[in-house]
2 protein chains.
Amino acid sequence: MGLWREHSRGQLDARLAEARTAYDRLRAEGLSLDMTRGKPNAQQLDLSDELLALPGRGVYRSASGRDCRNYGLIDGLPEARALFAPMLDATPEQIMLGGNASLAVMHDAVWRAMTFGVPGGKGPWSLGPVKFICPVPGYDRHFNLLAHFGIEMIPVPLGDDGPDMDRVRALAASDSLIKGIFCVPKYSNPTGVVYSDAVVDGLASMAAAPDFRIFWDNAYSVHCLGESPHPLKSLLAACEAAGHPNRPLCFGSTSKISFAGGGISFMASSLENLADARSHICLQTIGPDKINALRHVMFFGDYAGILAHMAKHAAILRPKFDAIQAVFSAEFDDTGILEWTRPQGGYFVSLQTLPGCAKRVVALAKDVGVKLTEAGATFPHGFDPEDSNIRLAPSLPPLEEIETALAAIAICVKVASLEQLTAS
Amino acid sequence: MGLWREHSRGQLDARLAEARTAYDRLRAEGLSLDMTRGKPNAQQLDLSDELLALPGRGVYRSASGRDCRNYGLIDGLPEARALFAPMLDATPEQIMLGGNASLAVMHDAVWRAMTFGVPGGKGPWSLGPVKFICPVPGYDRHFNLLAHFGIEMIPVPLGDDGPDMDRVRALAASDSLIKGIFCVPKYSNPTGVVYSDAVVDGLASMAAAPDFRIFWDNAYSVHCLGESPHPLKSLLAACEAAGHPNRPLCFGSTSKISFAGGGISFMASSLENLADARSHICLQTIGPDKINALRHVMFFGDYAGILAHMAKHAAILRPKFDAIQAVFSAEFDDTGILEWTRPQGGYFVSLQTLPGCAKRVVALAKDVGVKLTEAGATFPHGFDPEDSNIRLAPSLPPLEEIETALAAIAICVKVASLEQLTAS
């Protein structure tokens, strides 16, 4: 086929007519498909159905004999802290459990810093303007929560091994109003990259405000799609080694391991940061749900149990990710009108259309019943300056629907791209 | 016996010697008893043991067919909202569910108001000084969270039918910096009073700042110890009728109904307040744990099921409350050295010692192995100006231990009182 931008006007017009015909056929099909959010599908949720009957009648004692039904343990059940600690490369002492949503744990960490400050800082962040570095494309919920607190977001491009560290270093060193960076370091949302050791070390060692914090949303820590997991250097260890032990705040959850709506979240950090967090959290709760923690400990047993469980998730998800590669490769290899990621883990495939085409693709897809994440959602304030990034979330629909959706998306990409190539 | 303060010095000295002898015997017993916190005991927790195996394998659908294992429903499971709504005299639309701790729901409601403001107000409360009216004696965790946010607390005496409304009215009408009042309106912590209709109407209709909020911690809504529950007028309805629909924020939980550490919390308010709260909470979470909600719906069935369940709690708790009455009545009737409450529900008995004796009683008790809530804890900043209030929490220890503890406390009260009566 060759690069489409090199085609003659006649060839492009013919392709556009063809694509529009295909698109009109799509409209007639009355599709209703949703690829907007990274939600696990029912088959994945079924993997954890044992949890629904756990811990079982009469079973409520922790390993140390404590009655998990009653109040107490602000850091969460000790054996659950030990179970989840390896997911964040933390020791059991460095992790505390939250409710069912790691989003809440991250949100509240920002909120506490805004209201009360953090160790090493000079009072509440909200006393002055606050800025965060935001690798883009990134996760819309991170951006939305920062925007909600009036935090200025400075986009920095995310490359194949993490954010552009020259830019990150220069920003952090030059502006003490920059208080943080929000990262999804492994199987990044949406591009699927894993931060390299050099990036981790760079973040850990760079010059930054004394109360600078790395919000390390390690949501896909164990969400490998392939045979062997991809190593991510420990941020806690790197920061400790670099003399900035309080810099990292690491987050995770079982939302995409057990039940998305009924799992367990956690935060790992230095003991000083945890003590500071605890000094505020103790006004807020007497402790997270220990019965749910016990349930998860009984179900997974240990970290190896979590990894074995994740292999079952991968077996369900991999064909969907493979289907994306197959369809896009067949339709777009060498066309120059679409780039897409080949993630080895996580929940997303990231598309890069011709500049100025993403919104049009999403709108075209919506009109034929295929819901995609809003174009721009992967950028602060929903503004993608190139209007070219689209996030695909293939987990929720069954494989047959993914294939139908992909065929539809391919047509939409063609229509939008050809409209643009023929516009001038 | 007669009023001890009318006794001769000789009589008092003899009594004190006798009490000290008894106290020394106590010390030799090596007691280890804890009456500090309102924690349910194991027998009460056993009442809900069915929850430990619910919802059961393969059971995860809501009434409308939704998969409760997955993300979604920021207000919580609809049938659980309907189940708990009557506890706060709310409609199902007026209630949203939280995590396992109503303390967190209250804390976050204050935090949101401080950071973002509330409908009717002029921006964040934290832009200026903030004051709250605090009926005393009251609940230490309320006072502690207000203090944590730097909110000035204005104590107002709590009488037999609620706070002194003349004082409350005068304060709220005269100072627009007063943004709220924290109430436990039914079986109040610690005195056990139920707010009268006149007090509820007074709070609902009084003049106050447009962003004044009543934090209505209805923690003991269904926690009747006697045969028939005590009516509490609906604050939501009273405020609606008085033209201040946004004034009430009502809170509750199943912490002392199902599992203290694994229950469900909720907040009820006007639709406008809920929409405002939701506009912030949606940045924080995708929704509370729906599996735990489903579990509770299956277990209780309906509101009548909750009431039937509470009768079982009452059967366990009542003998402990009766024991307190029996011991104190036998030891202190007509002595004039101790007053105590006779609550018809809730978790506490409140003692009133001679002025200046409460700390001494708690210290004496501690020295012989009986842990009581710190004297002063029932007042803002832990300061009881009379040093005379002590909160007893009889739920956790078994009945035999309560009886042992009560005998010890009676001796401590005598020692402390007689020390004072003989001091001048």
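Keep in mind that this is a model prediction, so the values were computed, not measured. (Residues numbered from 1 in each chain as written. Chains lettered and ligands numbered in written order. Predicted model: local features only at pLDDT ≥ 70, side-chain atom pairs only at ≥ 80, totals over all residues.)

A. Summary view of the domain arrangement of chain A. Residue and element names in this part refer to chain A. Its domain assignment divides chain A into domain 1 (4–44 + 309–421) and domain 2 (61–301). Computed over C-alpha atoms, the centres of domain 1 and domain 2 are 31 Å apart. Counting only elements with at least two residues in the side of domain 1 that touches domain 2, the list comes to helix H11 (303–332) and strand E13 (389–392). Per-element accounting of the side of domain 1 that touches domain 2 gives the leading share, six residues, to H11. Per-class residue counts for the side of domain 1 that touches domain 2 are 11 nonpolar, nine polar and three charged. (Domains from an automatic or database assignment. Helix = DSSP H or I, 4+ residues; strand = E, 2+ residues; numbered from the N terminus. Nonpolar A, V, L, I, M, F, W, Y, C, P; charged D, E, K, R; others polar.)

B. Quick look at the sheet that holds strand E11 (residues 349–353) of chain A. Residue and element names in this part refer to chain A. Here three strands make up an open sheet; going across it, the order is E10-E11-E13 and the pairing antiparallel. Single-partner strands in this sheet number two, and they are strand E10 (338–340) and E13. With strand direction ignored, the average angle separating the axes of adjacent strands in the sheet is 25°. (Pairing = 2+ DSSP bridges. Axes fitted to C-alpha atoms, helices over the stretch in contact; angles between N-to-C directions.)

C. The arrangement of the pairing of strand E6 (residues 178–183) of chain B in detail. All names here are of chain B. For E6, the tally of buried residues reaches six of six residues, placing the bulk of the element in the interior. Relative to E6, strand E3 (residues 131–136) runs parallel, the two being bridged by three bridges. The residue bridging Ile133 from the neighbouring strand is Ile181, located in E6. When E6 meets strand E7 (residues 213–217), the two strands line up parallel, connected through four bridges. Bridge assignment links Phe182 to a residue of E7, and that residue is Phe215. Between the parallel pair E6 and E7, the chain is carried across by helix H7 (residues 197–205), and the sense of this crossover is right-handed. (Buried ≥ 20, exposed ≤ 12 C-beta atoms within 10 Å, placed from the backbone. Right-handed = clockwise from strand over helix to strand, strands pointing away.)

D. Quick peek at the environment of Ser8 of chain A. Relative to the assigned elements, Ser8 of chain A resides in the segment before helix H1 (9–29). On a C-alpha basis, the gap between Ser8 of chain A and Thr422 of chain A in space is 9.8 Å, while along the polypeptide they are 414 residues apart.

E. Examining the interface of chain A and chain B more closely. Facing 44 residues of chain A, the contacting portion of chain B comprises 44 residues. The leading source of residues in the side of chain A that touches chain B is helix H4 (residues 102–116) of chain A, at four residues. Its residues placed into classes, the side of chain A that touches chain B shows 20 nonpolar, 16 polar and eight charged. (Contact = placed C-beta atoms within 7 Å.)

F. A look at the sheet that holds strand E11 (residues 349–353) of chain B. Residues and elements named next belong to chain B. Taking strand neighbours across the sheet as the criterion, the three strands line up as E10-E11-E13 in an open arrangement whose pairing is antiparallel. Each edge of the open sheet carries a strand with a single partner, namely strand E10 (338–340) and strand E13 (389–392). In this sheet, adjacent strand axes meet at a mean angle of 25° when their direction is disregarded. By the bridge criterion, three bridges tie E10 to E11 in an arrangement that is antiparallel. When the sheet's bridge partners are listed, Leu338 is paired in E11 with Thr353. Across the sheet, helix H11 (residues 303–332) is in contact with E10, E11 and E13; its angle to E10 comes to roughly 155°.

G. Examining the relation of the copies chain A and chain B more closely. Of the two same-sequence chains, chain A is brought onto chain B (RMSD 0.1 Å, axial shift 0.0 Å) by a rotation of 180°. The symmetry that links the two subunits is that of a two-fold axis. Within chain A, the C-alpha atom positioned nearest to the axis of rotation is that of Ala53 of chain A, 2.2 Å from it. A symmetric contact is evident, with 100% of the interface residues of chain A recurring at the interface of chain B. (Least-squares fit on C-alpha atoms with pLDDT ≥ 70 in both.)

H. Geometry of H7 of chain B. Within the span of H7 of chain B, buried status applies to Val199, Val200, Gly202, Leu203 and Ala204 of chain B. Looking at the buried residues of H7 of chain B, the elements they touch are strand E5 (162–163), helix H6 (165–174), E7 and helix H8 (235–241) of chain B.

I. Summary view of the environment of Gly120 of chain A. Residue and element names in this part refer to chain A. Note on placement: Gly120 falls in the loop between H4 and strand E3 (131–136). Along the sequence, Gly120 and Pro210 sit 90 residues apart, while their C-alpha atoms lie 5.4 Å from each other. Apart from residues no more than four positions distant in its own chain, Gly120 is found in contact with Pro210, Asp211 and Asn246.

J. How the structure looks around unusual backbone geometry. That bond from Val136 of chain A to Pro137 of chain A is cis: its omega, 0°, falls within 30 degrees of zero. By the element assignment, Pro137 of chain A lies in the loop between E3 and helix H5 (140–148). Between Leu54 of chain B and Pro55 of chain B the backbone carries a cis peptide bond, its omega angle lying at 0°. The phi dihedral of Asp89 of chain A falls on the positive side, at around 50°, and the residue is not glycine. Inspection of the secondary structure puts Asp89 of chain A in the loop between helix H3 (78–84) and strand E2 (95–97). Despite not being glycine, Leu73 of chain B has its phi angle at roughly 65°, a positive value. Relative to the helices and strands, Leu73 of chain B is located in the loop between helix H2 (42–46) and helix H3 (78–84). Look at Leu73 of chain B and you get buried, because 21 C-beta atoms sit within 10 Å.

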